Amino acid sequence: MKFLIKNGRVIDPANQIDDIRNIFVADGFIADSDSIASSDQDVKVIDAEGLIVTPGFIDMHVHLREPGQEYKEDITTGSWAAAAGGFTAVCCMPNTDPVIDNHVVASFIKERARKSALVKVFPVGAITKNLEGEKLSEIAGLVSAGCVAISDDGNPVKKANMMRNGLEYAKMFDLPVLSHCEEENLSSGGLMHEGLYSFIYGLKGIPAAAEAIMVGRDISLARLTGSRLHICHISAAESVDLVRQAKKEGLPVTCEVTPHHLALSDKIIGDYDGNTKVNPPLRGQDHIDALIAAVKDGTIDCIATDHAPHHIESKDCEFQMASFGISGLETAVAVCMDMVNRGVLELKRVIEMFTLNPANILRLNGGALNAGMPADITVIDLKLKKTVDVASFYSKGKNNPFHKKELTGWPVLTMVNGKIAAQNGKIII
Ligand code: DOR
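Parameters and conventions
- Residues numbered from 1 in each chain as written.
- Predicted model: local features only at pLDDT ≥ 70, side-chain atom pairs only at ≥ 80, totals over all residues.
- Heavy atoms only, no water.
- Near = heavy atom within 4 Å.
- Polar contact = N/O pair within 3.5 Å; in protein donor to acceptor, adjacent residues only side chain to side chain.
- Areas by Shrake-Rupley, 256 points an atom, 1.4 Å probe, with all protein chains shown as cover.
- Nonpolar A, V, L, I, M, F, W, Y, C, P; charged D, E, K, R; others polar.
- Salt bridge = Lys/Arg side-chain N within 4 Å of Asp/Glu carboxyl O.
- Helix = DSSP H or I, 4+ residues; strand = E, 2+ residues; numbered from the N terminus.
- Buried < 20%, exposed > 50% of the residue type's maximum accessible area, 1.4 Å probe, protein only.
- Axes fitted to C-alpha atoms, helices over the stretch in contact; angles between N-to-C directions.
- Parallel < 35°, antiparallel > 145°, perpendicular 65-115°, else oblique.
- Left-handed = near helix turned anticlockwise from the far one by under 90°.
- Contact = heavy atoms within 4.5 Å.

What about the site of the ligand?
So, point 1. Surveying the vicinity of the ligand reveals 14 residues, the closest of which are Arg 65, Asn 95, Asn 279, His 310 and Phe 324.
So, point 2. In this structure, Asn 95 approaches the ligand through a side-chain N or O atom, which is 2.9 Å from an oxygen atom.
So, point 3. In the model, a nitrogen atom of the ligand is placed 3.1 Å from a nitrogen or oxygen of the Phe 324 main chain.
So, point 4. When the ligand is considered free in solution it has 290 Å² of accessible area, and contact with the protein chains removes 92% of it.
So, point 5. In terms of residue class, the shell around the ligand is made up of 3 nonpolar, 8 polar and 3 charged.

Here you go:
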C-alpha cells in the first residue's frame, strides 16, 4: 500500500523540519519523494492541507492491565484507545497480575500485542520480583523478551540498595530505569496534594516532598552508578529543580510529565470526583507553573499519559475509597494541543516530547520521519474542537476528569507501519 500525505505542515523535530511538505509511504515505510509519483494508480492520497503531520506519537507510560485485570483494560482495547488518541506506540507498565518480572509474561504481552494490538506495544519489565522491592527480577530475560525499560511503577523501590542494584544491572543492557518516586512514609494515607486545598477540603495530603525526596535519592544513585534514570510522572517544583541540576551536572537523568499534571490543579478536587484522584496527586498552581517552565527550558523531556484505566466501581464512590489513576490515552494529545492553542505550551516542543525524546530514551526505531523508517505518523488538526465524552472511549476505563470539556486540537489520523489505525477518532481494524 502506498500513501501520499499531501501538503501538510510537517513538523519533524529530529530533522529540524517545520515546513509544508508531502510525506510518502510505501509498503510500511517512509519513502523518498522521488520513489512515488502522485499519478500512480495505487497511491492513496491523503489531503493534509491545514493539518500538522508528525512522527507517530509515543506514550512511554501506560497501564494496559493485561494479564490479570482485563475488566479494567486489555491489550486490544488499550491499543484501540492509543490509536484513537493519536499514538502509534505505547510502553506498558509491569503492575499486571502476574507482574512482568520474567520473560514468560513479557513474551506473552509481545505475542498478544502482535496478534491483536493496533499500535506498537513495548513492555516495561519490573525492577524487582512481584514489585516487592526485595529481589531483582530476571532482567536479562526481560530484555531478551523485548522489554525496553524496567520500572516498579505504581510502587517506589523503597530500599536504596535495591534501586542501586537495579540501576547497575540495567546499565549492562543500556536500559533506562523508570522510577516511581514516592517516599511512602510521607505519602501513606494521603488522598490529594498537601496544601491549601487539602486543608479546605478536609482530605489528608501528600506533600510534594514525598516525591522530591525520592527524586533526590535516585539522582544520587544515578551519579553513583552512571546508569540511565528516568523519573516517571514528575509533579513537584522541587523535583524539577533537582532534575534541572542533575542535567547541568551532565548526569544521564530524564523525566516525563503527564497532561493532567500540566493542565489541572488540586483546586478541582472540590467536588470530590474520584476521577481527579491520581498518584502523584494534582498539585497547586505554583507547581504547575514550575512544570510548564521546565517543559519550556527542556528540563522535562517527555509527555506521557500514565494511562491508568479503572473500573467504574472503584471510581464512582467516596473519594477516600477511590483508586488512583486517570484513563488518559484518548484525551492526552487534545489536552496538550488545547494548551498550545491557549499559548501555554509551544507546539514544536510538545511534538518533540511525544516523539523524538521518548524514542531516544527507549532506543526505539521511531520518533522521526526519515526515509526508510517505519511509517508511524500522527496527523493533528490544531483547530478541531470537540467535547470529551467518556462514553465514546475505546478504553474500558472511563475515569477521565476532562469529561464534558471542550478541547481544541485533536489527532485526526494515526498510521502504524504504513497502515491507517485510526481516522477522525475512530479506529480502523
Ligand atoms: O495514579 C496512578 N495509577 N499512579 C500510578 O503510579 C499507578 C497507576 C495505576 O496503576 O493505577
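There's more to say after this.
Examining the pattern of salt bridges
So, point 1. The full count for this structure, using the stated rule, is 21 salt bridges.
So, point 2. The shortest N-O distance in the salt bridge between Arg 21 and Asp 19 comes to 3.6 Å.
So, point 3. The closest approach of N and O atoms between Lys 396 and Asp 74, which form a salt bridge, is 2.8 Å. Within this pair, whereas Lys 396 is found in the loop between strand S16 (377-387) and strand S17 (406-416), its partner Asp 74 is found in the loop between strand S6 (57-62) and helix H1 (75-84), the two being separated by 322 residues in sequence.
So, point 4. Overall, Lys 396 belongs to the partly exposed group, its relative accessible area being 32%.
So, point 5. Residue classification places Asp 74 among the buried positions, given a relative accessible area of 13%.
So, point 6. If you follow the salt bridges from partner to partner, you end up with Arg 9, Asp 18 and Lys 348 in one network.

Some thoughts on the packing of H1 against helix H2 (residues 103-116)
So, point 1. Contact pair H1 / H2: the axes reach a minimum separation of 9 Å and the direction vectors enclose 60°. The angle between the axes of H1 and H2 places the two elements in the oblique class. Viewed along their axes, H1 and H2 form a crossing whose handedness is right-handed. Facing H1, whose interface residues are Ile 75, Thr 76 and Ser 79, H2 presents Ile 109, Arg 112, Ala 113 and Ser 116.
So, point 2. A class-by-class count of the residues in the contact of H1 with H2 yields 3 nonpolar, 3 polar and 1 charged.

Here we look at unusual backbone geometry
So, point 1. A cis amide bond links Asp 97 to the next residue, Pro 98, at an omega of 5°.
So, point 2. Mapping Pro 98 onto the fold places it in the loop between strand S7 (87-92) and H2.
So, point 3. Put simply, Asn 279 and Pro 280 share a cis peptide bond, and its omega is 0°.
So, point 4. One non-glycine residue, Lys 404, lies in positive phi territory at about 75°.
So, point 5. By secondary structure assignment, the location of Lys 404 is in the loop between S16 and S17.
So, point 6. Judged by its relative accessible area of 65%, Lys 404 is exposed.
So, point 7. Phi angles above zero are rare outside glycine, and Asn 417 is one such case at about 50°.
So, point 8. Along the chain, Asn 417 turns up in the loop between S17 and strand S18 (419-423).
So, point 9. Taking the relative accessible area as the measure of exposure, Asn 417 reaches 40% and is therefore partly exposed.

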